[in-house]
Amino acid sequence: MEAVTNEAPNFDFETKVVAIAIAPGEAYCLSKENLKYLKDALAGEAVKVGHQLKASLLALRKEGFDCGGPLFDTQVAHYLIEPEASHELSILANQYLGTQLIESYDPVKNVCERADAALQIKKHLTRELESRNQTNLMTAVEMPLIRVLAEMEFEGVTIDTGKLGDMSDELKKDSQRLQGEIFEMAGMEFNIASPKQLGEVLFDKMRLLDKAKKTKTGQYATGEDILTKLAGEHEIAKKILDFREDEKLRSTYVDVLPRMISRFDGRVHTDYRQAVAATGRLSSNNPNLQNIPIRTGKGKRIREAFVARDKEHLILSADYSQIELRLAAVFAKDATMLEAFKNGRDIHTTTASKVFKVDIKEVTSDMRRKAKEVNFGILYGSTAFGLAQNIGISKTEAAEIIEAYFKEFSTIKKYMDDSINFAREHEYVETLLGRRRYLRDIHSRNQTTRGFAERNAINAPIQGSAADIIKLAMLNIQQWVKQEKLKSKMIMQVHDELVFDVHKEEADLFKEHVPWLMKTAVQLDVTLDAEVAVAENWFGAHG
DNA sequence: TGTGTCACG
DNA sequence: ACGTACGTGACACAT
Ligand SMILES: [Mg+2]
């Protein structure tokens, strides 16, 4: 089946027609006026097959129709089979059926063609999934998750536009002032937002650096890392950084989010993509709700504009603590790390104590900061160079730290080697639930290309298993909410965090039960931990 | 359309 | 000698 909508922005689309394929080569198309004749068939237990079913479920839901029965999404199925390939229906039809999708000017013919193709492709995808042992991942995780995501998207998020409106005025004023100051210091006017012009002003005209770093296209690099190093000596660099921050926040969030509010219900509705991220994570777009600022003072005010739907509700956020490092400890069976997590110790302080060979009590904040970067670097397969760049130390010092790390955490080193060797043997790596990432570049003779594949071999099982786990938690939480007929709604997922619009009467219950369901989503050699907080807005709902 | 940059986990 | 820590999406600019 497939529902077609118009292309209205935000959540303001309207359903046009729905096509139903019932046997190979036999499909019917109904206008929205006639959908009522499909009501029972849609609600029934027959498996619903389609490409991008979430979009169809939402289109039908807006017309007041609910879909029952199991789901089979051909796009998501192919994503499990070959995550980084194109999952376009036309390509799948060509690959599995040996046919070209007929592109007609008649939207009715097109949608019937697509519904028919999806129905026919299903058996091929089912066979492929079975051969990879991914049937359970498909039927027990990804397919039920479609309904959960559809419900979250349908529910939407409330934005305090008044707050953002105030910020927009302030940001405009601030960046206007900064622009004037930058022109003054540069002795000329130019477009600060043009990296090309900016680089020429800073490094040709003002000669702030003898050997300015260039990008791969030969322009001067003017990224945050470079400007931060200049900022101590040159006031203009600091001003440019401030200007950039203001413009980023204004142009990406403050001025955009209010325009994304739906006329339908006054809320913002993201679109979670379930077949994009190579590791198994979700992504979020239109708008992206997974990169809402939090790290800076101005950023935090944007997050404060994410509020509960009314006076009867609050925002609750629950997030996993160090889930990726816990998974690394589990995969490596690292006794030191497992012990630290078991005893609820601070993992970065523990790492610092081992790497810098001091007592836990002797760990300084600088040692902890460095150890934290080392722990992240490990998850990403970092080299000494990368670590040095990232914490602003010499490559020699970074190499020493890494050497000390692998001496203390030799099982982590072994995990990394094992993972790379697994990839060399199978040309893929896999997660806890059997999700794969193919790494055919692992045999590349180009060391840069091969290096990427090796780092992916280390990182993908960790990042992907964390994605598996939060998906399981989401399924369990939604099931619980439904079973208990609760009023509160899950409204966002941000990789290791779940956000809820909770009814005040249910706040304590959710505070108790949501973290519990997150921690118990899987049983591992380490306990998972989740923190939870409730507030009037999203920023407040963080520890 | 590609590039550089930067917001998040 | 070269490139160099994972995964995303969105914006402005330049072509
Ligand atoms: Mg966390």
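What this report covers is the structure whose coordinates are included nearby. Residue positions are given per chain, counting from 1 as you read along its sequence in written order. Labels are handed out in written order, letters beginning with A for the chains and numbers beginning with 1 for the ligands. Per-residue local features are limited, in this predicted model, to residues with pLDDT of at least 70; the limit for side-chain atom pairs, both in listing and counting, is 80 or more; totals at the level of whole chains, interfaces and linings are taken over all residues. Only hydrogens and water are set aside; all other atoms, that is, all heavy atoms of the structure, feed into the side-chain values.

**Remarks on the overall build of chain A**
Worth spelling out the cut-off: Helical segments are the DSSP runs of H or I of at least four residues, strand segments are the runs of E of at least two, and each set is numbered from the N terminus. Throughout, radius of gyration means the C-alpha value; the globule benchmark is 2.2 Å times the number of residues raised to the power 0.38. The rule is simple: take the accessible area with a 1.4 Å probe, protein chains only, and divide by the maximum for that residue type; under 20% is buried, over 50% is exposed, in between is partly exposed. Computed with the Shrake-Rupley method and a 1.4 Å probe, the accessible areas treat only the protein chains shown as cover for residues. Just so you know, the count uses Lys and Arg for positive and Asp and Glu for negative, and it drops His and the chain ends. Each charge is placed at NZ for Lys, CZ for Arg, CG for Asp and CD for Glu.
In terms of helices and strands, chain A carries 20 helices and 15 strands. For chain A, the C-alpha radius of gyration of 26 Å lies close to 24 Å, the compact-globule estimate for 543 residues. Put simply, chain A has 543 residues, and 51% of those count as buried. Accessible surface, chain A as shown: approximately 26400 Å² in total, 48% of it carbon and sulfur. Once the 75 positive and 82 negative side-chain charges of chain A are each reduced to a mean point, those two points are 2 Å apart.

**Remarks on the protein's contact with DNA strand B**
Basically, it comes down to this: Throughout this document, a residue counts as near a molecule or strand when at least one of its heavy atoms sits within 4 Å of that molecule or strand. Counted as a polar contact is a pair of N or O atoms within 3.5 Å, where, for protein atoms, one must be capable of donating a hydrogen and the other of accepting one, and residues adjacent in sequence contribute only when both atoms are in side chains. Just so you know the grouping, Ala, Val, Leu, Ile, Met, Phe, Trp, Tyr, Cys and Pro go in nonpolar, Asp, Glu, Lys and Arg go in charged, and all remaining residues, Gly too, go in polar.
In the vicinity of DNA strand B, 23 residues are found, and the nearest of them are Thr215, Thr217, Thr222, Lys248 and Asp496. Counted by atom, the contact set of DNA strand B within 4 Å of the protein is 77% sugar and phosphate. A distance of 2.8 Å is found between a phosphate oxygen of DNA strand B and a backbone nitrogen or oxygen belonging to Arg295. Class assignment of the residues belonging to the surface near DNA strand B gives a composition of seven nonpolar, eight polar and eight charged.

**Section: the protein's contact with DNA strand C**
Residues in contact with DNA strand C amount to 35 residues; listed here are only the nearest, Ser194, Ser283, Gly377, Thr383 and Asn390. The sugar and phosphate moieties of DNA strand C supply 67% of its atoms located within 4 Å of the protein. Between DNA strand C and Ser283 there is a distance of 2.6 Å, counted from a phosphate oxygen to a side-chain nitrogen or oxygen. For DNA strand C, a phosphate oxygen lies 2.8 Å from a polar atom in the side chain of Arg437. Where the surface near DNA strand C is concerned, the elements lending two or more residues are α10 (235-254), β8 (283-285), α15 (365-380), α16 (384-391) and α19 (447-483). Top contributing element to the surface near DNA strand C by residue count: α19, with six residues.

**What to know about the sheet that holds strand β13 (residues 489-493)**
Strand-to-strand pairing in sheets goes through backbone hydrogen bonds, with the strands running parallel or antiparallel. We apply this condition: A strand pair is defined by DSSP finding two or more bridges across the two strands. To obtain an axis, a line is fitted to C-alpha atoms, over the contacting stretch when the element is a helix, and the angle between two such axes runs from 0 to 180 degrees between their N-to-C directions.
Sheet architecture is open: four strands sit in the order β13-β14-β10-β15, paired in antiparallel fashion. The two strands at the open ends of the sheet, each matched to only one other strand, are β13 and β15 (530-535). Pairs of neighbouring strands in the sheet enclose a mean axial angle of 20°, with direction left out of account. Where β13 lies against strand β14 (residues 497-503), four bridges are found, and the strand directions are antiparallel. Residue pairing for β14: Met490 is matched across the bridge by Phe500.

**Quick word on the state of the cysteines**
As used in these notes, a disulfide is a covalent bond between sulfur atoms, one from each of two cysteines. Rules: Two cysteine sulfurs form a disulfide in these notes if their separation is within 2.5 Å.
By the definition in use, this model includes zero disulfides. Left unpaired, Cys29 is separated from the closest cysteine sulfur, that of Cys112, by 4.7 Å. For Cys29, a relative accessible area of 26% gives the class partly exposed. The thiol sulfur of Cys67 is not disulfide-bonded, and the nearest other cysteine sulfur, from Cys29, lies at 15 Å. The class for Cys67 is buried, based on a relative accessible area of 13%.

**Describing the layout of surface pockets**
Any space left empty among the atoms is revealed by the rolling of a water-sized probe across them. Applicable threshold: Here a cavity denotes grid points, spaced 1 Å and computed from the protein atoms alone, that fit a 1.4 Å probe unable to get out, and a pocket denotes an open set having protein on both sides within 12 Å along at least 5 of 7 lines; residues with an atom within 4 Å of a point are the lining. Grid points are joined across faces, edges and corners, and a volume is the space filled by probe spheres set on the points.
The calculated volume of the largest pocket comes to roughly 1600 Å³. Lining the largest pocket are 41 residues, and of these Gln290, Ile292, Ile294, Arg295 and Arg303 sit closest to its centre. Taken together, the elements giving at least two residues each to the lining of the largest pocket come down to α9 (224-231), α10, α11 (297-303), β10 (313-320), α12 (323-332), α15 and α19. The element that contributes the greatest number of residues to the lining of the largest pocket is α10, accounting for eight residues.

**Examining the environment of Cys112**
Quick reminder of the rule: Note on definitions: a residue-residue contact is assigned when non-hydrogen atoms from the two residues lie within 4.5 Å.
For Cys112, the position within the fold is in helix α5 (residues 107-131). Using a relative accessible area of 15% as the deciding quantity, one classes Cys112 as buried. For the pair Cys112 and Gly451, spaced 339 residues apart in sequence, the C-alpha separation works out to 45 Å. Setting aside its immediate chain neighbours within four residues, Cys112 contacts Ala19, Ala27, Tyr28 and Cys29.

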